Amino acid sequence: MIELIDIAPGGVMAAVETVEDTTGIFDDYRMQYRPVPGRPKELYAPWGADNQLPFKIRDLVGSDEVTAQNKFFNVLACYGAGPVLNGADGQPTTLPDALRFKRRTGLGTFFLEQITDMKYYFMSVCVVILSRDGTQINRLVHKDACFCRLAKADKAGRINYVYYANWKKGNLQKDDIERIPLLREDDPIGDLMVKMGREPGQDGRCAVRTQLRKFAVLLRFPTVGCQYYPTPYYAAMFRGGSYFEKRLISAAKIAKIRNHASVKYQVEVENKYWQKIISEERITDPLKIKERIKKEKENIRDFVAGVHNSGKAWITGYYVDPLGHEVRDIRVVNIEGNKEGGDYADDINVAANTLCYADNTHPNLVGAVPGKSQSNNSGSDKRELFTMKQALETAFHDLLLRPVEMVCEFNGWQGVTPAVPMIMLTTLDEHKDAKRINPNQKQQ
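Residues numbered from 1 in each chain as written. Predicted model: local features only at pLDDT ≥ 70, side-chain atom pairs only at ≥ 80, totals over all residues. Heavy atoms only, no water.

**Quick word on the overall build of the protein chain**
Along the backbone of the protein chain there are 14 helices and 18 strands. Looking at the protein chain as a whole, 43% of its 444 residues qualify as buried. Of all intrachain contacts in the protein chain linking residues separated by at least 6 positions in sequence, the fraction that spans at least 24 positions is 64%. For the protein chain, the exposed surface amounts to about 24600 Å²; the carbon and sulfur share of it is 50%. (Helix = DSSP H or I, 4+ residues; strand = E, 2+ residues; numbered from the N terminus. Buried < 20%, exposed > 50% of the residue type's maximum accessible area, 1.4 Å probe, protein only. Contact = heavy atoms within 4.5 Å. Areas by Shrake-Rupley, 256 points an atom, 1.4 Å probe, with all protein chains shown as cover.)

Following this line, the structure appears as structure tokens:
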């Protein structure tokens, strides 16, 4: 939150910034399992210390135009030319059952939903729905990862359930939570075959072992130290402070533009500072809390710009946490510069490029730092960058196509395999426009 305050009749302004430090949101925390509402004998693993981490990630990514566009670009690049079901000859299959499944499931939409969760959280969850007799998989249904929580693993280290609910809502009841049996993560098709009696189990017998017709499939991209929920590789931009820096620079620049005046000071206030004041003074009434915070902001404004405070010192809390991050209650930055308009142009460009690097997205492909002064690649270079980006999505394709591969095998569609072709671009030869090559078209 940015609050612009008139300091003096001379037009000098100060921007008071309430800063939420994002460098620690992915810090390790001691896992404390929680009972499932309505099922006190069952425990689940919270996602983050307050069980709200996926929602925080979503909000933080969506709060910055560079990170939001990076995620969008990564989703589109991973989607490629869209999922297809190919026959044994490598061409789109003509098998009626496979075409009907693709149409009924909305395979393209389902794949986009799975990709979106994978790019945000490095995990995705889907549900397979079988026919009443258990002989066919009729549908694949996407489940938003931010609303999924994993059951506590058993003694063998296996997670048996996924709990789907609106975890932002308080006082959840049993009926608010959907409990879905989870197929083995390492071999979901084998587990399903055994449950439906089509392969022998550990006892060596082929027998239907459940009357359930709905099961969850969990897809997690491998990350270091993943116990329940992966920590995405792009989390480095939060831990390293690049995202934090970009937001501060943007806030200061907006303050100057909005007021058409020189902003001399930027005051950064750690978000917990207000709560510390309230706790020390034991204020509980919401209106009094609001008034106390307003008064403290006035005190800060008076100290920063008051003539009678010239030359005085201000002592605030400061320490370095175990991870080496500097934590200050309040920091005053003199942002008065020689240039009126472009004080932060170079800083924003550097921060935007760093965010693109963290998301494995070349800034020239997404236009993160537009302008004539930016170095522009040739068309051939950009085409190669785009091809390389799509080629790097192969690992995600192999993971995300597992549920569709499971459908093909379980339903007995011989020779039918799913694939995600890349988008290939031609060159601008002989004054002809570039075009997208049909990935299923046989080469001459």
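**Looking at the confidence of the model for the protein chain**
Chain-level pLDDT for the protein chain is 82 on average; 76% of the residues reach the 70-or-more range. Here residues 1-12 is a poorly scored stretch, pLDDT under 50, and it has 34 contacts once near neighbours within four places are set aside; other chains count. (pLDDT = per-residue confidence, 0-100.)

**Here we look at the side chain of Asp191**
With respect to the helices, strands and loops of the structure, Asp191 is situated in helix α5 (residues 188-195). Taking the relative accessible area as the measure of exposure, Asp191 reaches 10% and is therefore buried. Ignoring anything within four residues of it in the chain, the contact list for Asp191 reads Arg158, Leu182, Leu183 and Arg184.

**Brief notes about the state of the cysteines**
Following the criterion strictly, the structure yields zero disulfides and no others. Unpaired in this structure, Cys146 has its nearest cysteine sulfur neighbour in Cys148, at a distance of 8.0 Å. (Disulfide = S-S within 2.5 Å.)

**Remarks on the nonpolar core**
Val128, Leu192 and Phe238 are the most contacted members of the largest nonpolar core, which totals 83 residues. Ranked by residue count, the leading element in this core is helix α4 (residues 107-121), at seven residues. Apart from residues no more than four positions distant in its own chain, Val128 is found in contact with Ile137, Arg139, Leu140, Leu183, Arg213, Lys214, Phe215, Val217 and Met406. Listed in part, the seven residues of the second largest apolar core include Val269, Trp274, Ile277 and Ile300. (Core = buried A, V, L, I, M, F, W, Y, C linked by side-chain atoms within 4.5 Å.)

**Brief notes about the sheet that holds strand β6 (residues 123-130)**
Sheet architecture is open: three strands sit in the order β7-β6-β11, paired in antiparallel fashion. The sheet is open, and its two borders are formed by β7 (137-143) and β11 (214-220), each paired with just one other strand. Across the sheet, the mean angle separating the axes of adjacent strands is 25° when strand polarity is ignored. Bridge count between β6 and β7: six bridges; the pairing is antiparallel. Looking across to β7, one finds that Val127 is bridged to Val141. (Pairing = 2+ DSSP bridges. Axes fitted to C-alpha atoms, helices over the stretch in contact; angles between N-to-C directions.)

**Some words on the side chain of Thr210**
As for its position among the elements, Thr210 is in the loop between α5 and β11. A polar contact of 3.1 Å, which involves the side chain of Thr210, links it to the backbone nitrogen of Leu212. In this view, Thr210 contacts Lys195, Met196 and Phe215; residues no more than four positions away in its chain are not counted. (Polar contact = N/O pair within 3.5 Å; in protein donor to acceptor, adjacent residues only side chain to side chain.)

**Some details on the sheet that holds strand β4 (residues 39-45)**
A sheet is described by the order of its strands in space; here five strands give the open sequence β3-β4-β8-β9-β10, paired in antiparallel fashion. Edge positions in the open sheet fall to β3 (34-36) and β10 (178-181), since each of these has one partner strand only. On average, each strand axis in the sheet is tilted by 45° relative to the strand beside it, whichever way the strands run. As paired elements, β4 and strand β8 (residues 148-151) share two bridges and run antiparallel to each other. If you follow Ala45 over to β8, its bridge partner there is Leu150.

**Remarks on the packing of aromatic side chains**
Tallying each qualifying case throughout the model produces 17 aromatic pairs. Both rings, one in Trp47 and one in Tyr121, keep their centres 5.4 Å apart while their planes meet at 65°; by these two values the pair is edge-to-face. Linking Trp47 in the loop between β4 and α1 (53-62) with Tyr121 in helix α4, this pair joins segments that are 74 residues apart in sequence. Where Phe238 meets Tyr243, the ring centres are 5.0 Å apart and the plane angle is 55°; that geometry is what we call tilted. Judged by its relative accessible area of 0%, Phe238 falls in the buried class. One aromatic cluster is present, built from ring pairs that chain together Tyr33, Trp47, Tyr120, Tyr121, Tyr228 and Tyr229. Its guanidinium or amino end placed over the ring of Tyr234, Lys71 lies 3.5 Å from that ring's centre, counting from NZ or CZ. Against the face of Tyr164 rests Lys143, its NZ or CZ located 4.4 Å from the ring centre. (Phe/Tyr/Trp six-rings, centres within 6.5 Å; stacked < 30°, edge-to-face > 60°. Lys NZ or Arg CZ within 6 Å of the ring centre and 35° of its normal.)

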